[in-house]
Amino acid sequence: QVQLVESGGGLVQAGGSLRLSCAASGRTYTSNNMGWFRQAPGKEREFVATISWSGASTDYADSVKGRFIISRDNAKNTVSLQMNSLKPEDTAVYYCAADRLGGRNPTKVYQYDYWGQGTQVTVSS
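Colleague: Got a sec to walk through unusual backbone geometry? Specific residues and values, please.
Modeller: Among all residues except glycine, the phi angle is most often negative; among peptide bonds, the trans geometry is most common. Although it is not a glycine, N77 sits at a positive phi angle of roughly 55°. Inspection of the secondary structure puts N77 in the loop between β7 (68–73) and β8 (78–83). At S85, a position not held by glycine, the phi torsion is positive, near 50°. Mapped onto the elements of the fold, S85 is located in the loop between β8 and β9 (92–98). Relative accessible area serves as the criterion here: at 41%, S85 is assigned to the partly exposed category.

Right under this line is the structure:
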């Protein structure tokens, strides 16, 4: 089992920045791809960003490309999401996720085995 705990959410004005962090514990050596997803009220959970075990491969949703940066520190068992130029439409609960086997579809919710409890990000206009 892997436990994930997100932090860093909050209220920010449009154009501002936030940095989310995800701390992993437990059998972290079994985690391969790590991802960030978000869910706004009344909407389905959607992909935001993913990063491979080595950090060499990343992918982003079109809506956040050029504004968000995902990174990881395997020595500290952490994954971060730097969010810049935030927009009101970025408002959502953000979830960290871990993929145990390194599947072929790291942008899909179903690919991930472990999830954090989420952290709220609110961007005011």
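Next comes the rest of the account.
Colleague: Which residues make up the state of the cysteines, and what values go with them?
Modeller: Simply put, disulfide is the name for a covalent bond between the sulfur atoms of two cysteines. Scanning the model with the defined rule gives 1 disulfide in all. Disulfide pairing places C22 opposite C96 at an S-S distance of 2.1 Å. Between C22 and C96 the disulfide shows an S-S torsion of about -80°. By sign, it is left-handed. With C22 in strand β3 (residues 18–26) and C96 in strand β9, the pair connects residues that are 74 residues apart, well separated along the chain.

Colleague: Outline the packing of aromatic side chains, supporting the account with residue identities and numerical values.
Modeller: For the structure shown, the criterion picks out 4 aromatic pairs. Taking 5.8 Å as the distance between ring centres and 70° as the angle between the ring planes, the aromatic pair formed by F37 and F47 counts as edge-to-face. With F37 in strand β4 (residues 34–39) and F47 in strand β5 (residues 46–51), this residue pair connects regions lying 10 residues apart in the sequence. With respect to burial, F37 and F47 carry one shared label: buried.

Colleague: Lay out the pairing of strand β11 (residues 119–124) in plain terms, naming residues and giving numbers.
Modeller: Burial along β11 is one-sided: the face carrying T119, V121 and V123 is buried and the face carrying Q120, T122 and S124 is not. Looking at chain direction, strand β2 (residues 10–13) and β11 are connected through 4 bridges and run parallel. Within β11, the position partnered with L11 by the bridge is T122. One ladder, built from 3 bridges, connects β9 with β11; its direction is antiparallel. When the bridges of β11 are listed, A92 appears paired with V121.

The rules we used
Residues numbered from 1 in each chain as written. Predicted model: local features only at pLDDT ≥ 70, side-chain atom pairs only at ≥ 80, totals over all residues. Heavy atoms only, no water. Helix = DSSP H or I, 4+ residues; strand = E, 2+ residues; numbered from the N terminus. Buried < 20%, exposed > 50% of the residue type's maximum accessible area, 1.4 Å probe, protein only. Disulfide = S-S within 2.5 Å. Phe/Tyr/Trp six-rings, centres within 6.5 Å; stacked < 30°, edge-to-face > 60°. Pairing = 2+ DSSP bridges.

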